[in-house]
Amino acid sequence: MSIVAPRSIHDLGLAEIGRELAGAGISVFHVKALWRALYREPVVPRLAEGGFLPPLQRWVDQVVGEGKPLFRDEPEVVEELRSSDGLTRKFLLRLRDGQTIETVLMRYDGRNTACISTQVGCAMGCVFCATGQMGFRRHLRPGEIISQVLLARRALLEVQPGQKLRNLVLMGMGEPLHNFEAVMAALETITDPAGIGIGPSKISISTVGVVPGILRLAEEPRPYRLAVSLHGSTQQERHALVPVAGKWPLAELMDACRHYCTTGRRIFFEWTLVAGKNDSVEVAGRLVGLLHGIDAHVNLIPLNPTAGFDGTASRAGHAFQQVLRAAGFPCTLRQRRGIDVAAGCGQLQTVVEKGPGQQRGH
Ligand code: SAH
Ligand code: SF4
């Protein structure tokens, strides 16, 4: 084998699997059969159960499985919570090294969406975010990112047989553009039409504003949706909530967004509304100024209270929204859906690790 073992078979892209099989003298004909078994089948088959033609089955039996060169990423569900309306299922998953991450399946407005994590913890330290409060633990591998989508797809089929998972948001734990290579490798597998087949335009990559990553995404031919978490209309206002604004200042971030716009793609801006910090109509007016000339859609998110931040959710969302709409920007005020399942990023993990007493607002 050319790979450094042990490694997850889900870390390998289609081309790499092709090279592995070619190296083992197996015809290219079998590559698609293996790829389909890994990604096309809604319920992941046990590869060792003899469903393949002999040359491929021999290779699988020798190479794939626990204790063999290629293992499968199959995270264990440690905890599952369902929202009271039954439309959100949130999973706390344990990885092979014992670290835990969150994956959420949401079924609203006829759309099925998985929200997945890209890191364990996060290095960006946004003050209101439970994941940021946890600090950075490690990056996820492509296989760990992909296996969350497989799990969400299975979870959807359990509650709604025959339904397709068509939407994906990288808004779980972690900063996707801080783990750029692994995220892009995972998305290549996730978007492959012969595999999981989620369209790039149905995948939102949400970033705190990692400028070099935004510039790289502008070069990306696949039309992923970009969401930028802004939260402040001046450098000072933003820096108070988002410490990495010190590294990538607001002016530089907006320049990167303007550059991204030359691709002709819209940018979604995320704005967590914190009472008295960034929720006034004056702030909204400044935001309108910042967005001038950008094809922007603004998503307002009421703050979900977390243990490590004493801010409170804003009640001024509608007035803020009106200012943006009057200026011609589409603007949605997100419902606090699923708050009863600790829906905020990183919150379930925090509750399980520290006990519910550490969690405010629930
Ligand atoms: N790191 C990326 C993606 C994960 S966070 C990013 O920051 O964009 C996804 C979204 O959830 C971000 O817009 C973030 O600001 C928001 N968020 C995190 N914690 C929150 C909280 N406690 N209340 C409301 N929104 C929160
Ligand atoms: Fe990281 Fe996003 Fe949380 Fe900020 S909001 S700490 S970037 S996960």
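> Lay out the overall build of the chain with the relevant residues and their values.
Counting secondary structure elements, the chain contains twelve helices and 14 strands. When burial is assessed residue by residue, the chain has 41% of its 362 residues classed as buried. When contacts within the chain are restricted to residue pairs at least 6 apart in sequence, long-range pairs at least 24 apart make up 65% of them.

> I'd like a rundown of the nonpolar core, residues and numbers included.
Judged by nonpolar contacts, the single largest core of 74 residues is most densely connected at Ala 114, Val 149, Ala 152 and Leu 226. Per element, the largest residue contribution to this core is eight residues, and it comes from helix α5 (residues 142-159). Excluding residues within four positions of it along the chain, Ala 152 makes contact with Thr 103, Leu 105, Ala 114 and Leu 165. Membership of the second largest hydrophobic core comes to nine residues, among which are Ile 9, Leu 34, Tyr 39 and Leu 56.

> I'd like a rundown of the site of ligand 2, residues and numbers included.
Taken together, twelve residues are adjacent to ligand 2, and Cys 122, Cys 126, Cys 129, Gly 132 and Val 208 come closest. By residue class, the composition of the shell around ligand 2 is six nonpolar, five polar and one charged.

> Which residues make up the packing of helix α7 (residues 211-218) against helix α9 (residues 250-261), and what values do they have?
Contact pair α7 / α9: the axes reach a minimum separation of 9 Å and the direction vectors enclose 5 degrees. When the interaxial angle is binned, α7 and α9 end up roughly parallel. Contacts between α7 and α9 involve Val 211, Ile 214, Leu 215, Leu 217 and Ala 218 on the former and, on the latter, Glu 252, Leu 253, Ala 256, Cys 257, His 259 and Tyr 260. Split into classes, the residues belonging to the contact of α7 with α9 amount to nine nonpolar, one polar and one charged.

> Describe the site of ligand 1, listing the residues and the values that go with them.
Looking at ligand 1, there are 17 residues lining it, with Cys 129, Ser 206, Ser 229, Glu 270 and Asn 304 nearest. Taken together, the elements giving at least two residues each to the shell around ligand 1 come down to β10 (203-207) and β12 (267-273). Residues belonging to the shell around ligand 1 are distributed by class as follows: eight nonpolar, seven polar and two charged.

> Before we move on, can you summarise the environment of Glu 175 with the specific residues and values?
Tracing the backbone through its elements, the reader meets Glu 175 in the loop between β9 (167-170) and α6 (180-191). For Glu 175 and Phe 136, which are 39 residues apart along the polypeptide, the C-alpha to C-alpha distance reads 9.9 Å. Ignoring sequence-local partners within four residues, the contact set of Glu 175 consists of Gln 119, Cys 122, Ala 123, Met 124, Thr 207, Val 208 and Val 210.

> Quick one: what's the story with the pairing of strand β4 (residues 88-94), residue by residue and with numbers?
For β4, the tally of buried residues reaches six of seven residues, placing the bulk of the element in the interior. Bridge count for strand β3 (residues 76-82) against β4 is six bridges, and the pairing is antiparallel. Opposite Arg 82, over in β4, you have Arg 89 as the bridge partner. If you look at the hairpin formed by β3 and β4, you'll find five residues sitting between the two strands, and Gly 86 has a positive phi there, around 75 degrees. Hairpin geometry of β4 and strand β5 (residues 100-108) is characterised by an intervening segment of five residues between the two adjacent antiparallel strands and by a positive phi of about 90 degrees at Gly 98.

> Just give me the short version of the packing of α5 against α6, but keep the residues and values in it.
Axis separation between α5 and α6 bottoms out at 8 Å; the angle between their running directions is 40 degrees. The orientation of α5 relative to α6 falls into the category oblique. Considering the relative orientation of α5 and α6, their crossing is right-handed. Two secondary-structure elements touch here, α5 through Pro 142, Ile 145, Ile 146 and Val 149 and α6 through Ala 182, Val 183, Ala 185, Ala 186, Thr 189 and Ile 190.

> Requested: an account of the sheet that holds strand β6 (residues 111-115), with residues and values cited.
Strand order across the open sheet formed by ten strands is β3-β4-β5-β6-β9-β10-β11-β12-β13-β14, with mixed pairing between neighbours. With one partner strand each, in any of the chains shown, β3 and β14 (331-333) form the two edges of the open sheet. Taking the axes of each pair of neighbouring strands and ignoring which way they run, one obtains an average angle of 20 degrees across the sheet. The sheet contact formed by strand β13 (residues 296-302) and β14 spans three bridges and is parallel. From the neighbouring strand, Asn 299 faces β14, where its bridge partner is Thr 332.

> Could you give an account of the confidence of the model for the chain, with specific residues and numbers?
Per-residue confidence for the chain gives a mean pLDDT of 90; residues scoring 70 or more make up 90%. Predicted confidence for residues 355-362 stays below pLDDT 50, and this span has 14 contacts to residues more than four positions away or in other chains.

What counts, and where the lines are drawn
- Residues numbered from 1 in each chain as written.
- Chains lettered and ligands numbered in written order.
- Predicted model: local features only at pLDDT ≥ 70, side-chain atom pairs only at ≥ 80, totals over all residues.
- Helix = DSSP H or I, 4+ residues; strand = E, 2+ residues; numbered from the N terminus.
- Buried ≥ 20, exposed ≤ 12 C-beta atoms within 10 Å, placed from the backbone.
- Contact = placed C-beta atoms within 7 Å.
- Core = buried A, V, L, I, M, F, W, Y, C linked by C-beta atoms within 7 Å.
- Near = placed C-beta within 6 Å.
- Nonpolar A, V, L, I, M, F, W, Y, C, P; charged D, E, K, R; others polar.
- Axes fitted to C-alpha atoms, helices over the stretch in contact; angles between N-to-C directions.
- Parallel < 35°, antiparallel > 145°, perpendicular 65-115°, else oblique.
- Pairing = 2+ DSSP bridges.
- Left-handed = near helix turned anticlockwise from the far one by under 90°.
- pLDDT = per-residue confidence, 0-100.

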